[in-house]
Amino acid sequence: MSRKFRPRPGFIVQAYKFTLDANVGQEQGLRSHCGAARAAYNWAVSWVTASWWQRKAEATYGIGEEEMTPWRPWSLPTLRKEFNRIKTTDQRFADWWEENSKEAYSTGLANAAAAFDNYAKSKQGKRKGGRVCVPRLKQRRKARLTCRFTTGTIRVEPDGRHVTLPRLGKIRTYEPTVKLLTRTQGGTARILSATVRHERGRWFVSLQVETARNITRVARPDAAVGVDLGVKHLAVLADSSGEIRYEPNPKHLDSVLNLLRVSSRRVTRRQGPDRRTGQKPSKRWEKANRERNKLHYRVANLRADALHKLTTRVRAEYGTAVVEDLNVAGMLRNRRLARRVADAGFGEIRRQLTYKGQRNACRTIVANRWFPSSKTCSACGAVKAKLPLHVRVFTCDSCGLVLDRDENAARNLVALATACITGTGVAGDQDTPRVSKPRGADRKTRRQRLGQNTGQGGRAGGASLLPQRQKETGDRRQDTKAQLAIW
């Protein structure tokens, strides 16, 4: 098992991404390397799963466990050893494997080994997230073109406009590479690997660099800010001094929906590819498809630029940021809000706030998912039993506070930073009592099936209704010592 790379003290691992300006020959070389990585991946998946199918067939014949075909391991050293043994004799690789760098094949084998590891851990319950299926073969038209180089000549040229990759040579970049060049020449940066990828219609190279990075002092290190994300406003910022700022939602996708509708209609009227009949797309279809993709690329670039500017501005000013643990995957299941939630990029905002805060030695506090930030009054602490999503103004029944619900939620989030600073309410504190949420929101409920006999008479079939509360839960005070998580 390989050990995870750890940077030296005072150094961090950072990526520098540049757009490549490759000519026709260089682009063919890039596609050849990415295709070789895909071919190696498919070979590894087929080689490992072949033993699975063979053992399954032998079990139907009544063959014992001792006489069955042995399992084929999927570790990276084993795959490399077997691939090096067959690459000169196998008809699938014998004629052209020498045209590409060995790193291209190592990329595919490493991805296959990682895919099998993820599948095994997911099946054993050792991996978070959704269930991972058995690795499948990558199709030529749908597979992402990518290749990673870890050995060989990987450097930034002294002219500041070219990068050199193994077997591909010197490739020009659109952006100047002066910042990375200055660090490498000064001895404060060392290139570890390079990854080329084709996305959004262009070729990119990401250089993984171990670089020295000094901690930058933020403008207000003692101040905290609560960030409430939404659709109407992208973010509402409430700091510890009482200042409220509304970040407008650019809605980049809505601005091009009409053009996308026209472009998509034009694509559907052209002769496109058909896998069932083997029909190839026409030139007019490919041209229309490129024009449609350019609109998607522009929206993605504008969204990424806006989110980076927002998170960088927040992290450069405040020493503590409080965000919510939103169930973004659940929000995307709402067909009325899915498009706007996806366009806002809630998960990306939290990710950027987290890693940018680590660079400046700042704290990121994540509120519990069940913390009622919108239902809690920021003035008196009373919690409303219900607050539908269409109600955009919060009105407190106890103190009479009338406030925008997003601003009220941001004020409650920044109030959690005080509890975190005092050492109470932090996830992991043994003395922190568990606070029950209104109406049992902190625990899952089980619906009783109709017709189920509960042993109590009075209804047809012996079924009875679920026990109802005699008194409706009213407004109650919410303790601010909620469970938090600090990164």
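Rules and cut-offs
Residues numbered from 1 in each chain as written. Predicted model: local features only at pLDDT ≥ 70, side-chain atom pairs only at ≥ 80, totals over all residues. Heavy atoms only, no water. Helix = DSSP H or I, 4+ residues; strand = E, 2+ residues; numbered from the N terminus. Buried < 20%, exposed > 50% of the residue type's maximum accessible area, 1.4 Å probe, protein only. Contact = heavy atoms within 4.5 Å. Areas by Shrake-Rupley, 256 points an atom, 1.4 Å probe, with all protein chains shown as cover. 1 Å grid on protein atoms, 1.4 Å probe; cavity = no way out; pocket = protein on both sides within 12 Å on 5 of 7 lines; lining within 4 Å. Points joined across faces, edges and corners; volume = space filled by probe spheres on them. Nonpolar A, V, L, I, M, F, W, Y, C, P; charged D, E, K, R; others polar. Pairing = 2+ DSSP bridges. Phe/Tyr/Trp six-rings, centres within 6.5 Å; stacked < 30°, edge-to-face > 60°. Lys NZ or Arg CZ within 6 Å of the ring centre and 35° of its normal. Axes fitted to C-alpha atoms, helices over the stretch in contact; angles between N-to-C directions. pLDDT = per-residue confidence, 0-100. Core = buried A, V, L, I, M, F, W, Y, C linked by side-chain atoms within 4.5 Å.

1. Quick look at the overall build of the chain
For step 1, the next point in the chain: Secondary structure assignment for the chain yields 11 helices and 17 strands.
For step 2, the next point in the chain: For the chain, the residues scored as buried account for 39% of the 487 residues in total.
For step 3, the next point in the chain: Partitioning the contacts of the chain with sequence separation of at least 6, the portion at a separation of at least 24 is 64%.
For step 4, the next point in the chain: Total accessible area on the chain stands at roughly 30,000 Å², and carbon and sulfur atoms take up 50% of it.

2. Quick word on the environment of Ala409
For step 1, the next point in the chain: Its place among the elements puts Ala409 in helix H11 (residues 405-421).
For step 2, the next point in the chain: Residue classification places Ala409 among the buried residues on the basis of a relative accessible area of 0%.
For step 3, the next point in the chain: Separated by 34 residues in the primary sequence, Ala409 and Lys375 place their C-alpha atoms 7.8 Å from one another.

3. Focus on empty space enclosed by the protein
For step 1, the next point in the chain: Evaluated as defined, the whole model comprises 4 cavities of 30 Å³ or more.
For step 2, the next point in the chain: Together, Cys34, Ala37, Arg38, Tyr41, Gly108, Asn111, Lys138, Ala143, Arg144 and Thr146 line the largest cavity.
For step 3, the next point in the chain: Elements that contribute at least two residues to the lining of the largest cavity include exactly helix H1 (24-60) and helix H3 (102-124).
For step 4, the next point in the chain: Residue contributions to the lining of the largest cavity peak at 4 residues, all from H1.
For step 5, the next point in the chain: Here the lining of the largest cavity is composed, by residue class, of 4 nonpolar, 3 polar and 3 charged.
For step 6, the next point in the chain: The computed volume of the second largest cavity comes to approximately 60 Å³.
For step 7, the next point in the chain: If you go around the second largest cavity, the residues you meet are Leu234, Asn249, Pro250, Lys251, His252, Arg303, Ala306, Leu307, Asp343 and Ala344.
For step 8, the next point in the chain: Listing elements by their share of the lining of the second largest cavity, those giving two or more residues are helix H7 (283-315) and helix H9 (338-344).

4. Some points on the sheet that holds strand S4 (residues 162-165)
Whether parallel or antiparallel, the strands of a sheet pair through hydrogen bonds between backbone atoms.
For step 1, the next point in the chain: As summarised here, the arrangement of the 3 strands in space is S3-S4-S5, forming an open sheet in which the pairing is antiparallel. Each edge of the open sheet is held by one strand with a lone partner, namely strand S3 (155-156) and strand S5 (169-172).
For step 2, the next point in the chain: Summarising the sheet, S3 and S4 pair through 2 bridges and their orientation is antiparallel. Bridge pairing in S4 places Arg155 opposite Thr164.

5. A short note on the packing of aromatic side chains
To describe a pair of aromatic rings, one takes the distance between the centres and the angle between the planes.
For step 1, the next point in the chain: All chains considered together, the criterion is met by 10 aromatic pairs.
For step 2, the next point in the chain: With centroids separated by 5.8 Å and ring planes inclined at 15°, the aromatic side chains of Trp43 and Trp47 adopt a geometry described as stacked. Linking Trp43 with Trp47, this pair stays in helix H1, spanning 4 residues, or about one helical turn.
For step 3, the next point in the chain: Feature note: the residues Trp43, Trp47, Phe83, Phe93, Trp96 and Tyr105 constitute an aromatic cluster, connected by ring pairs.
For step 4, the next point in the chain: Above the face of the Tyr41 ring, Lys138 is positioned so that its terminal group lies 4.3 Å from the ring centre.
For step 5, the next point in the chain: Stacked on the ring of Phe394, the Lys or Arg Lys384 has its end atom at 5.9 Å from the ring centre.

6. Observations concerning the sheet that holds strand S1 (residues 11-19)
For step 1, the next point in the chain: Pairing in this open sheet of 4 strands is antiparallel, and the strands run S1-S7-S6-S2 from one edge to the other. If you trace the sheet from one side to the other, it starts and ends with S1 and strand S2 (146-149), each paired once. Direction aside, the axes of adjacent strands within the sheet are offset by 20° on average.
For step 2, the next point in the chain: Here 9 bridges tie S1 to strand S7 (residues 202-212), and the two strands are oriented antiparallel to one another. The residue bridging Thr19 from the neighbouring strand is Phe204, located in S7.
For step 3, the next point in the chain: Against the sheet, helix H4 (residues 178-186) engages S1, strand S6 (189-199) and S7, with an angle of about 35° to S7.

7. A closer look at the confidence of the model for the chain
For step 1, the next point in the chain: Put simply, the chain has an average pLDDT of 85, and 85% of its residues get 70 or more.
For step 2, the next point in the chain: Throughout residues 423-483 the model reports pLDDT below 50, and contacts reaching past four residues in sequence, or to other chains, amount to 82 contacts.

8. Regarding the nonpolar core
For step 1, the next point in the chain: Residues Leu20, Trp43, Leu165, Val196, Val205 and Leu207 are the most contacted members of the largest nonpolar core, which totals 44 residues.
For step 2, the next point in the chain: Looking at which element gives the most residues to this core, the answer is H1, with 11 residues.
For step 3, the next point in the chain: Setting aside residues no more than four positions away along its own chain, Trp43 makes contact with Leu79, Glu82, Phe83, Ile86, Asp90, Arg92, Phe93 and Leu109.
For step 4, the next point in the chain: If you look at the next biggest cluster of nonpolar residues, it comprises 19 residues, including Leu229, Leu307, Leu310 and Leu353.

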